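Coordinate analysis (summary)
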Protein chains: 2
Amino acid sequence: MDARERLITSTQALLWERGYVGTSPKAIQQRAGVGQGSMYHHFSGKSELALAAIHRCADQIRAYTEQRLSAPGTAFARIEAFLLQERQVLQGCQLGRLTADPEIVANPDLHRPVDATFVWLRQRLAEVLDEGVANGEFAVGLDVNDIAATIAGVVQGGYVLAKAAGSDEPYYSAIRGILALLAPPTRQ
Amino acid sequence: MDARERLITSTQALLWERGYVGTSPKAIQQRAGVGQGSMYHHFSGKSELALAAIHRCADQIRAYTEQRLSAPGTAFARIEAFLLQERQVLQGCQLGRLTADPEIVANPDLHRPVDATFVWLRQRLAEVLDEGVANGEFAVGLDVNDIAATIAGVVQGGYVLAKAAGSDEPYYSAIRGILALLAPPTRQ
C-alpha cells in the first residue's frame, strides 16, 4: 500500500477506536508509518484525512449492505441476512460511533457523509420492506419508513448495549427480538 | 449549590457533551467555577469525578424510567410512556454515549455502573413485557428478554440516527416503528 492509502486506512482504524476528538495527526502518522511531510503532501490536515476515511467507511458499509439487501430471497430473509451478517459487534459501527463526537457533529463536511449513509440505509430498508408488504410477508398498514428506522436503530443501539455489557450478547438478543416481531405469521 | 455538587453536575454535562476523552480537569473546574485546589480537595482527579457523575446519571435514569414503567396501565401503555417521555434526543443518552469512549470501556470502575444500568433497564422492560404476555397483550412465545433488548436498543440507536441526521425525526420514526410492531392486535 502506498502512503496515501496507509494514511486513509490508519485514520479509519483510529476514528473507529478513538473517535475524531481522540485522534491526533501524530497518531495517524505513527500508525501509518508515514512522516509528517508526506502526510501534509497528501492531505491538508486531520479534517481532510477524516473526510477521506469517512467516505471509505461509507462506501464499504453501502457495499456489504447492498450485497445482503439485493440478494435473492424474501424480504424477510434479506433483512435477516443484513442483521445477522458477520460484524465486529464490540467495535460497533464505524460511522455510528462518530455521531458521539462533538467535532464531527459540528463540522458539516464531516457530518454530511455520515448523515447520507444512514439516509441511504433507511431508504433501502424501506424499499425491501415495501416489497415484503407487496408479497404479503408483512402486515399491510405498517409504515415501512418507521420500521426501517426501527431496524437501523436496533443495529446501532445493539452496538451500544454490547459495548456497555462488554459482550456481544445484548446485540444478538436485540436482533433476535426485532426478527421475532417482524417475522411473517407463518414463521411465528 | 456547593462546590462538590457543582463539580458533579459540571462533569455530568461535559461527559454528555464531549465524552470522557474530550473532558479535561481544567474544563470541569472552569464550568463549575471551582479552583484546582478545591477540586482536588473533593475528588482525587478526573476519574473519581467521572465516577460520581456516572452514578448520578444512572440514578436519574433509573428514577424517571421506573416512574413510567411502574405507573398504572397496561404493559403496552407503560412501555409507550417510557419510549415517548420527553427526551433531549439530539443530546442522546448520558450513559449510552460513554460506550463510545475507549477510556471508559477500558476502565472497569467507570464501565461497571454503565453496564449495570443497562442490565437493570433490560430486566425491568422484560418484567413489564412478562406482565403484558400474562395479560394477553402480546403474543405468547415471544422471548421477553430479546424484546426488552430490542426496545432498549431502539432508544439508543434512535439517538444515533437522530445525531447522524441532525434532527430528532429518525428517533421518533424508530419509536413509532417499534410501537407498531409491539402493539396489541386490537390496536393495529
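Residues numbered from 1 in each chain as written. Chains lettered and ligands numbered in written order. Predicted model: local features only at pLDDT ≥ 70, side-chain atom pairs only at ≥ 80, totals over all residues. Heavy atoms only, no water.

**As for the UniProt feature "domain: HTH tetR-type" (unreviewed entry) in chain A**
According to UniProt, the "domain: HTH tetR-type" (unreviewed entry) feature falls on residues 1-61 of chain A. Each end of residues 1-61 of chain A is marked by a C-alpha atom, and these two atoms are 21 Å apart; helix forms 77% of the span and strand 0%. (UniProt positions renumbered as here; feature names shortened; annotations may be inferred. Helix = DSSP H or I, 4+ residues; strand = E, 2+ residues; numbered from the N terminus.)

**Here's the deal with the relation of the copies chain A and chain B**
Overlaying chain A with chain B gives an RMSD of 0.0 Å, the required rotation being 180° about an axis along which the chain moves by 0.0 Å. Taken together, the rotation and translation relating the two chain copies correspond to the operation of a two-fold axis. When each C-alpha of chain A is compared by its distance to the rotation axis, A:Gly157 comes out closest, at 1.8 Å. Both copies present the same face, since 100% of the interface residues in chain A are matched by interface residues at the equivalent positions in chain B. (Least-squares fit on C-alpha atoms with pLDDT ≥ 70 in both. Contact = heavy atoms within 4.5 Å.)

**Examining the interface of chain A and chain B**
Listed as interface residues are 43 residues of chain A and, on the opposing side, 43 residues of chain B. In total, chain A and chain B occlude about 3400 Å² of area from one another, counting both sides; carbon and sulfur atoms represent 64% of this. Counting the surface chain A buries against chain B, the share from its top three residues, A:Leu161, A:Ala164 and A:Leu181, is 18%. Counting across the interface, chain A meets chain B through six salt bridges. With its nearest N and O atoms 3.6 Å apart, the salt bridge here joins A:Arg18 to B:Glu103. Remark: the boundary between chain A and chain B carries 16 residue pairs in polar contact (both at pLDDT 80 or more). (Buried area = accessible area lost by both parts, 1.4 Å probe. Salt bridge = Lys/Arg side-chain N within 4 Å of Asp/Glu carboxyl O. Polar contact = N/O pair within 3.5 Å; in protein donor to acceptor, adjacent residues only side chain to side chain.)

**Quick word on the pattern of salt bridges**
Proximity of charged atoms lets side chains of opposite charge pair with each other. Residue and element names in this part refer to chain A. Applying the stated rule across the entire model yields 18 salt bridges over all chains. One salt bridge in this structure joins Arg56 and Glu5, with 2.7 Å as the shortest N-O distance. Note that Arg56 is positioned in helix α4 (residues 46-69) and Glu5 in helix α1 (residues 3-18), a separation of 51 residues in sequence. Note that Arg78 is salt-bridged to Glu131, the shortest N-O span being 2.8 Å. In this pair, Arg78 sits in helix α5 (residues 75-84) while Glu131 sits in helix α7 (residues 108-134), placing the two residues 53 residues apart along the sequence. Among the residues examined, Arg78 registers a relative accessible area of 8% and is labelled buried. (Buried < 20%, exposed > 50% of the residue type's maximum accessible area, 1.4 Å probe, protein only.)

**Describing the UniProt feature "DNA-binding region" (unreviewed entry) in chain A**
Here the UniProt feature "DNA-binding region" (unreviewed entry) sits at residues 24-43 of chain A. Along residues 24-43 of chain A, the helical share is 75% and the strand share 0%, with 14 Å between the first and last C-alpha atoms.

**Structural notes on the side chain of A:Ser10**
Residue and element names in this part refer to chain A. Structurally, the position occupied by Ser10 is in helix α1. On the basis of relative accessible area, Ser10 is assigned to the buried category, the value being 6%. Dropping the residues within four chain positions of it, Ser10 is found in contact with Ile28, Arg31 and Ala32.

**Structural notes on empty space enclosed by the protein**
Evaluation of the coordinates by the stated rule reveals two cavities of 30 Å³ or more. The computed volume of the largest cavity comes to approximately 240 Å³. The wall of the largest cavity is formed by 21 residues, among which A:Gly96, A:Val160, B:Gly96, B:Ala100 and B:Val160 lie closest to the centre. Sorting the residues of the lining of the largest cavity by element identifies α8 (144-165) of chain A together with α8 (144-165) of chain B as the ones contributing at least two each. A per-class count over the lining of the largest cavity returns eight nonpolar, nine polar and four charged. Looking at the second largest cavity, its volume works out to about 120 Å³. (1 Å grid on protein atoms, 1.4 Å probe; cavity = no way out; pocket = protein on both sides within 12 Å on 5 of 7 lines; lining within 4 Å. Points joined across faces, edges and corners; volume = space filled by probe spheres on them. Nonpolar A, V, L, I, M, F, W, Y, C, P; charged D, E, K, R; others polar.)

**Looking at the nonpolar core**
The tendency in soluble globular proteins is for nonpolar side chains to be buried as a group. Ranked by internal contacts, the top residues of the largest apolar core, which has 101 residues, are A:Leu95, A:Ile151, A:Leu182, B:Leu95, B:Ile151 and B:Leu182. No other element matches α8(B), which puts 13 residues into this core. Filtering out sequence-adjacent residues up to four positions away, B:Leu95 remains in contact with B:Ile54, B:Cys57, B:Ala58, B:Ile61, B:Val114, B:Thr117 and B:Phe118. (Core = buried A, V, L, I, M, F, W, Y, C linked by side-chain atoms within 4.5 Å.)

**Topic: the packing of aromatic side chains**
Inspection of every chain in the model, using the stated rule, returns four aromatic pairs over all chains. Note on A:Tyr159 and A:Tyr171: the rings are 5.2 Å apart at their centroids and 15° apart in plane angle, and the pair reads as stacked. On the criterion of sequence distance, the pair formed by A:Tyr159 in helix α8 and A:Tyr171 in helix α9 (residues 169-182) is long-range, its members being twelve residues apart. Exposure class is identical for A:Tyr159 and A:Tyr171. Each is buried. Measuring from centroid to centroid gives 5.1 Å for A:Tyr171 and A:Tyr172, while their planes differ by 85°, and the two rings are edge-to-face. For A:Tyr172, a relative accessible area of 25% corresponds to the partly exposed category. Each member of the aromatic cluster is reached from another via a ring pair, and the members are A:Tyr159, A:Tyr171 and A:Tyr172. A cation over a ring is seen here: A:Arg87 above A:Phe82, with NZ or CZ 5.1 Å from the ring centre. Just above the ring of B:Tyr20 sits the side chain of B:Lys46; from NZ or CZ to the centre is 4.3 Å. (Phe/Tyr/Trp six-rings, centres within 6.5 Å; stacked < 30°, edge-to-face > 60°. Lys NZ or Arg CZ within 6 Å of the ring centre and 35° of its normal.)

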